[in-house]
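Here are the chains, one letter per residue:
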Amino acid sequence: MTTDSHVFASPPAGSAADWTVPQAWADYTAEEHATWVTLYERQMALLQDRGCPEFLAGLNALDLHGGGIPDFAVLNEKLSALTGWTVVAVPGLVPESVFFDHLAERRFPAGRFIRRADQLDYLQEPDIFHDVFGHVPMLCDPVFADYMVEYGRGGQRAAGLGQLEQLARLYWYTVEFGLLETPAGLRICGAGIVSSATESRFALESPSPHRIGFDLERVMRTRYRIDDFQQTYFVIPSLAELLRVTLEDFTPVYARLAEQPALAIDAVLPGDRVIHRGDQSHARLASAAVG
């Protein structure tokens, strides 16, 4: 099932108008199932004391191990019963408008391909392991599930206001790379972290990145990087607070943001709640290596 690229300008042949495709679960090879198992077992060894309780509970509820790549038909019976969400297969990255429409209707678009066995540690495009293992367990939590619906609806509105860049930063720093405060300390909730062996350690344990308390407008002003570990992680006080701020009208927020410059990815502001001020050592070393 693996192909070289999963980025399309228009729905490829075989796709519906909403970009969905059959998962074609029976077409996965034994090697592809084995890759899933390898990734799953490696992450589970890391996440028992690093993943947030909501993520771990979702994993348990969905039983994603199953000997290989999950069958969406089976997965959706469990997920839908919990929060009304379903997972739909898409051929690869979909346009933002399509993505928002699916989220607003409690459908999570997931790529159906899986990385090759020689790509376990880095993949440029999100695959089924990132999308399903990384994202779907959190959708079992009713509060986070509602947050994702509101994010989809907010995306539909933001597209008409020309504010997608700011909204994308919110998704990046919460859904993909968010940390969560818990009674046991900081834990991972972001899919981009929980699906990565190296970043699962880096996000919580490295002295390099800043870890800063979540603030909506601060997050929406902050640039991010897609080519390396994050230089700043934002720490969400609770999923309930995340949902609360998302239910607010963002129109005045966008108006205020329009008058302020974007912030550098390593910025620390006087008003920040700094949980850990990073030394940015990883970013400096990476920059020196490139230079």
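Residues numbered from 1 in each chain as written. Predicted model: local features only at pLDDT ≥ 70, side-chain atom pairs only at ≥ 80, totals over all residues. Heavy atoms only, no water.

## A closer look at the overall build of the protein
Point 1. A tally of helices and strands in the protein yields 13 helices and 7 strands.
Point 2. On the principal axes, the C-alpha backbone points of the protein span a range of 55 × 40 × 40 Å.
Point 3. Within the protein, the fraction of its 291 residues that count as buried is 53%.
Point 4. Summed over all atoms, the accessible surface of the protein reaches about 12800 Å², with 53% contributed by carbon and sulfur.
Point 5. Looking at the protein, you have 23 positive and 38 negative side-chain charges, and the mean spots of the two groups are 6 Å apart. (Helix = DSSP H or I, 4+ residues; strand = E, 2+ residues; numbered from the N terminus. Buried < 20%, exposed > 50% of the residue type's maximum accessible area, 1.4 Å probe, protein only. Areas by Shrake-Rupley, 256 points an atom, 1.4 Å probe, with all protein chains shown as cover. Lys, Arg positive; Asp, Glu negative; His and termini not counted. Charge placed at Lys NZ, Arg CZ, Asp CG, Glu CD.)

## Some remarks on the nonpolar core
Point 1. Membership of the largest hydrophobic core comes to 80 residues, with the highest contact counts inside it found for Trp36, Met148 and Leu170.
Point 2. When residues in this core are grouped by element, the largest group, 7 residues, is from helix α6 (residues 142-161).
Point 3. In contact with Leu170, other than residues within four places in its own chain, are Tyr147, Tyr151, Val175, Phe214, Leu216, Val219, Met220 and Phe250. (Core = buried A, V, L, I, M, F, W, Y, C linked by side-chain atoms within 4.5 Å. Contact = heavy atoms within 4.5 Å.)

## Describing the environment of Cys189
Point 1. By the secondary structure assignment, Cys189 is in the loop between β4 (185-188) and α8 (191-194).
Point 2. Residue class for Cys189 comes out buried when judged on its relative accessible area of 2%.
Point 3. Expressed as a C-alpha distance, the spacing of Cys189 and Thr174, which sit 15 residues apart in the sequence, is 7.8 Å.
Point 4. Ignoring sequence-local partners within four residues, the contact set of Cys189 consists of Cys52, Met138, Thr174, Val175, Gly178, Leu179, Leu180 and Ile236.

## Here's the deal with the packing of aromatic side chains
Point 1. Tallied over the entire structure, the rule returns 17 aromatic pairs.
Point 2. Here Phe99 and Phe108 contribute two aromatic rings whose centre-to-centre distance is 6.4 Å and whose plane-to-plane angle is 75 degrees, an arrangement assigned as edge-to-face. In terms of burial, Phe99 and Phe108 fall into one category: buried.
Point 3. Grouping aromatic residues by their ring pairs yields a cluster made of Trp36, Tyr40, Phe55, Phe129 and Phe133. (Phe/Tyr/Trp six-rings, centres within 6.5 Å; stacked < 30°, edge-to-face > 60°.)

## Focus: the pairing of β4
Point 1. Of the pairings in the sheet, the one linking strand β3 (residues 179-182) to β4 comprises 4 bridges and is antiparallel in character. Pairing of Thr182 across the sheet is with Gly185, part of β4.
Point 2. Taken together, β3 and the strand that follows it, β4, pair antiparallel across an intervening segment of 2 residues. (Pairing = 2+ DSSP bridges.)

## A few points about the packing of helix α4 (residues 96-104) against α6
Point 1. With their axes 7 Å apart at the nearest point, α4 and α6 run at an angle of 140 degrees to one another. In terms of their interaxial angle, α4 and α6 are classed as oblique. Pair α4 / α6 crosses with left-handed handedness. Within the contact between the two elements, α4 uses Phe100, Asp101, Leu103 and Ala104 and α6 uses Met148, Val149, Tyr151, Gly152, Arg153, Gly155 and Gln156. (Axes fitted to C-alpha atoms, helices over the stretch in contact; angles between N-to-C directions. Parallel < 35°, antiparallel > 145°, perpendicular 65-115°, else oblique. Left-handed = near helix turned anticlockwise from the far one by under 90°.)

## A look at the side chain of His33
Point 1. Secondary-structure assignment places His33 in helix α1 (residues 30-47).
Point 2. A relative accessible area of 15% means that His33 is categorised as buried.
Point 3. Among the polar contacts made by the side chain of His33, one reaches the main-chain amide nitrogen of Ile69 at a distance of 3.0 Å.
Point 4. Beyond its immediate chain neighbours, meaning those up to four positions away, His33 contacts Trp25, Tyr28, Gly67, Gly68 and Ile69. (Polar contact = N/O pair within 3.5 Å; in protein donor to acceptor, adjacent residues only side chain to side chain.)

## Some points on the packing of α1 against helix α5 (residues 128-135)
Point 1. The geometry of α1 relative to α5 is characterised by a closest axis approach of 11 Å and an angle of 40 degrees between their N-to-C directions. As for the relative orientation of α1 and α5, their crossing is right-handed in sense. For the pair α1 and α5, the contacting residues are Trp36, Leu39, Tyr40, Gln43, Met44 and Leu47 in the first and Ile128, Phe129, Val132 and Phe133 in the second.
Point 2. Residue composition of the contact of α1 with α5, by class: 9 nonpolar, 1 polar and no charged. (Nonpolar A, V, L, I, M, F, W, Y, C, P; charged D, E, K, R; others polar.)

## Digging into the pattern of salt bridges
Point 1. Per the stated rule, a full pass over the model turns up 13 salt bridges.
Point 2. Notably, a salt bridge pairs Asp272 with Arg218, separated by 2.9 Å at the nearest N-O pair. Linking Asp272 in the loop between α12 (251-257) and β7 (274-276) with Arg218 in helix α10 (residues 216-221), this pair joins segments that are 54 residues apart in sequence. Taken individually, Asp272 and Arg218 each receive the classification buried, so the pair is uniform in this respect.
Point 3. Linking Arg244 and Glu241 is a salt bridge whose minimum nitrogen-to-oxygen distance equals 2.7 Å. One end of the pair, Arg244, and the other, Glu241, are both in helix α11 (residues 239-246), 3 residues apart, so they sit about a helical turn from each other.
Point 4. Judged by relative accessible area, which is 43%, Arg244 ranks as partly exposed. (Salt bridge = Lys/Arg side-chain N within 4 Å of Asp/Glu carboxyl O.)

Interpretation note: all reported values are geometric properties and have no functional meaning in isolation.
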